[in-house]
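Per-entry structural report
Single-letter residue listing:
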Amino acid sequence: MAAQPPAPAIATSASAATPTRGYWATVGRRLMRDRVTMACALVLALILLAALLAPLIAPHDPFLGRMPRRLRPFGILNSLGMSDNPRAILEHPFGTDELGRDMLTRILYGGRLSLFMGVTPVFNALVIGGLLGIVAGFLGGWVNTLIMRTIDVFYAFPSVLLAIAISGTLGAGIVNAIVSLTVVFIPPIVRVSESVTTSVRTLDYVDAARASGLGTLSILRVHVLRNVFGPIFIYATSLISVSIILASGLSFLGLGVEPPNAEWGLMLNTLRPAIYTRPEVAALPGFAILVTSVCFNLLSDGLRSAMDVRI
Amino acid sequence: MLTFLIRRILYVVPIAIGVTFFVFSLVHLAPGDPLSAVVAGDAPREVVDMLRAAYGFDQPMIVQYLRWVARALSGDLGRSLATGRPVAAEMFAAIGNSVLLAFLAAAIGFTLGAILGGIAGYAQSSWLDKLASLIAILGVSVPHYWLGMVLVILFSVNMNALPAIGIGPAGSAFWLWTRTDWSHAILPAVTLSVIPMGIVTRTVRATVAETLAMEFVQALKAKGLPGHAVLLHVVRNVAPVCLAVMGLQFGYLLGGSILVETVFSWPGTGFLLNDAIFRRDIPMLQGVILVLAMFFVLLNLLVDIVQTLVDPRIRRG
């Protein structure tokens, strides 16, 4: 259940010759050897970098629409003959959207909001839910009952429904979407934190620490937090992919980001009528969501096996 | 066992109270006066007060809540602000369509997931395992609303083989069990099935692998039991976990179909919810969410009961 605590202390005679490594060094070595995870980390780093540097590297203004140029096709070869000006062929390598805005530019800019809206709710939920779960697990008793029974109510809603219920009531907007997704991810994180903390709290070394006169806060800090953080963190990373899909899904429904902002889900929504004329352009933002979400999932799986966490 | 069942069933009551309270408070979470959807901004005060009294918004919160619950219990979910029709009647028409879509998606997703996961768990680290794991990862990572669009592009726009929207021939709002109706259901059902497919694959794979590593499997093989008989033992041990996951997934299919129903204009509860949101039709919104959440609560109860019946270890615990 719990994260494996640093365990190199016992050196048997067989391994005595090799120097023992710390836990994080072992995790790092395992990650470096895992080619799939490293590739995903690289792709995500590139996506993040492209999103951050969008104002510097994007070829056009993300908001500037030009109707005569609307719905240009994807790819350089397809654009041949679209314009007399030979330079114009290279102008929109990813085509243009329904208002003639450059797709490459908007995909780059879209990454900013899509990543931000996907990661922020999970981070918020990690802080709030982790705190609630650790408190519930560590204190037990009526505090545990109060927190866990409240969380049970939220478990009565399928996650998509809960997100849409809150977002739909609060109305469209970036903040509302983040609030609703935060509420969606708090319950599962509380459950995991509570169960991990409960199992750590009852371990012998915690009793030993208490018997040796260590204060509650010190026990919490030294013996509990250090051991529960790994599993809770890994669980949270596994939610990022869902969060990105849901956040873009809210924008796709018209609930999250509002036009004319660039966000992958919203772009997918406004390009829906174009599936009959420029399907490859209309599908592009969704492909960006897919790649990001696959990479986050594989990265989370890799971290989990590298950190040897079982939840 | 009986005490466990009774306790589990009674536990539905506080959950249900919590759910109704949450759904009720949605009205007051909404920005602005709940009356703003029905009254013009420049309406005279008397009219506003009269409507406020008519809707019961002048009563204290707790009275409003109790009245709302009492009416909901008798099957009256109020009237839609947009159409004036009873919410329950609109729900009744839509929920059948949603359940049908969820059943089709579950049939596809669970079957594929069980097969892929079983193969992957049995042939660990082989190329089959890697392929199945790849499919599973794609299944859980794909934005399904986008997959719906891609399938429409491929099968409706390019190949002109399957209809892109609706539940039947133009204007039809009900499922009629004809061939055209089936062809309308294929794309949305496949789209909706990818997530449960991925999740079931991963669960079955992990559980099968875990079970195969247990000592009793070694013992069965050692005593010379043929492969298919060992498989039977493995299935019996894997089944409870997988049933639980499938049960939950079915609930997610029903509650989470709003995106797919929107892409395919499938006249189910998700479509209704989408309409309600954009018309700011709060009674409709509350009604749909309440019914879907209650359904999910009962489904969870059912899953727990079935799991207890199937797995004797839980019964004793």
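In this structure, the amide linkage connecting Pro259 of chain A to the following residue, Pro260 of chain A, adopts the cis form with an omega of 5°. For Pro260 of chain A, the location among the structural elements is in the loop between α10 (216–253) and α11 (264–270). The backbone of Ser125 of chain B sits at a positive phi, close to 65°, despite the residue not being glycine. Note on placement: Ser125 of chain B falls in the loop between α5 (87–122) and α6 (127–141).

So, on to the side chain of Thr120 of chain A. All names here are of chain A. Structurally, Thr120 can be placed in helix α5 (residues 103–139). With a relative accessible area of 18%, Thr120 lands in the buried category. One polar contact links the side chain of Thr120 to the main-chain carbonyl oxygen of Phe116, over a distance of 2.4 Å.

Glancing now at the pattern of salt bridges. Where charged atoms from two side chains of opposite charge come close, those side chains can pair. All names here are of chain A. Scanning the entire structure with this criterion turns up 10 salt bridges over all chains. Across the pair Asp97 and Arg106 runs a salt bridge, and its minimum N-O distance is 3.5 Å. One exposure class covers both Asp97 and Arg106, and it is buried. Connected via shared salt-bridge partners are Asp97, Glu98, Arg101 and Arg106.

Interface size is commonly expressed as the accessible surface area that is lost when the partners come together. Across the boundary between the two partners, chain B contributes 46 residues, which contact 44 residues of chain A. In total, about 3800 Å² of surface goes out of reach between chain B and chain A, with carbon and sulfur atoms giving 77% of it. When the area that chain B buries against chain A is broken down by residue, the three leading residues are Tyr145, Trp146 and Met149 of chain B, summing to 17%. Summed over the shared surface of chain B and chain A, the result is 1 salt bridge. Residues Asp301 of chain A and Arg202 of chain B are paired through a salt bridge, measuring 2.4 Å at the closest nitrogen-oxygen approach. For the side of chain B that touches chain A, the secondary-structure elements that each account for two or more residues are α2 (12–29), α6, α7 (144–158), α8 (179–212), α10 (227–255), α11 (258–263), α12 (269–278) and α13 (282–310) of chain B. Tallied by class, residues from the side of chain B that touches chain A come to 35 nonpolar, 8 polar and 3 charged.

What follows deals with the packing of aromatic side chains. Residue and element names in this part refer to chain B. Within the structure shown, the criterion is met by 11 aromatic pairs over all chains. With centroids separated by 5.3 Å and ring planes inclined at 75°, the aromatic side chains of Phe21 and Tyr65 adopt a geometry described as edge-to-face. Placement of the pair is Phe21 in helix α2 and Tyr65 in helix α4 (residues 61–73), with a sequence separation of 44 residues. Summarising the aromatic geometry, the rings of Phe24 and Trp68 are spaced 5.8 Å apart at their centres and angled 45° between planes, so their arrangement reads as tilted. With Phe24 in helix α2 and Trp68 in helix α4, this residue pair connects regions lying 44 residues apart in the sequence. Put simply, the rings of Phe21, Phe24, Tyr65 and Trp68 pair up and form one aromatic cluster.

This part is about the domain arrangement of chain B. Residue and element names in this part refer to chain B. Along its sequence, chain B is carved into domain 1 (2–73) and domain 2 (93–316). For domain 1 versus domain 2, the distance between C-alpha centres works out to 33 Å. Residue-level contacts link 18 residues of domain 1 with 13 residues of domain 2. Summed over both partners, the interface of domain 1 with domain 2 comes to about 1400 Å²; 81% of that surface belongs to carbon and sulfur atoms. Per-residue buried area on domain 1 facing domain 2 is highest for Phe4, Arg8 and Val23; these three make up 30% of the total on that side. Scanning the region where domain 1 abuts domain 2 turns up 1 salt bridge. Among the ionic pairs, Asp304 bridges to Arg8, the shortest N-O distance being 2.5 Å. Here domain 1 is connected to domain 2 by 3 residue pairs in polar contact (both at pLDDT 80 or more).

Within the fold, Asn300 of chain B resides in helix α13. Its relative accessible area of 18% is what places Asn300 of chain B among the buried residues. Taking the C-alpha atoms as reference points, Asn300 of chain B and Ala164 of chain B, 136 residues apart in sequence, are found 33 Å from one another. Once residues lying within four places of it in the same chain are set aside, the contact partners of Asn300 of chain B are Tyr155 of chain A together with Arg8 and Leu248 of chain B.

Attention shifts here to the packing of α5 of chain A against helix α12 (residues 279–307) of chain A. Residue and element names in this part refer to chain A. The contact between α5 and α12 brings their axes to 11 Å, and the two run at 40°. Comparing the axis directions of α5 and α12 gives the class oblique. Crossing handedness for the pair α5 and α12: right-handed. Taking contact as the criterion, the partners of Met103, Ile107, Leu115 and Val119 in α5 are, on α12, Val281, Leu284, Pro285, Ala288, Thr292 and Phe296.

The rules we used
Residues numbered from 1 in each chain as written. Chains lettered and ligands numbered in written order. Predicted model: local features only at pLDDT ≥ 70, side-chain atom pairs only at ≥ 80, totals over all residues. Heavy atoms only, no water. Helix = DSSP H or I, 4+ residues; strand = E, 2+ residues; numbered from the N terminus. Buried < 20%, exposed > 50% of the residue type's maximum accessible area, 1.4 Å probe, protein only. Polar contact = N/O pair within 3.5 Å; in protein donor to acceptor, adjacent residues only side chain to side chain. Salt bridge = Lys/Arg side-chain N within 4 Å of Asp/Glu carboxyl O. Contact = heavy atoms within 4.5 Å. Buried area = accessible area lost by both parts, 1.4 Å probe. Nonpolar A, V, L, I, M, F, W, Y, C, P; charged D, E, K, R; others polar. Phe/Tyr/Trp six-rings, centres within 6.5 Å; stacked < 30°, edge-to-face > 60°. Domains from an automatic or database assignment. Axes fitted to C-alpha atoms, helices over the stretch in contact; angles between N-to-C directions. Parallel < 35°, antiparallel > 145°, perpendicular 65-115°, else oblique. Left-handed = near helix turned anticlockwise from the far one by under 90°.

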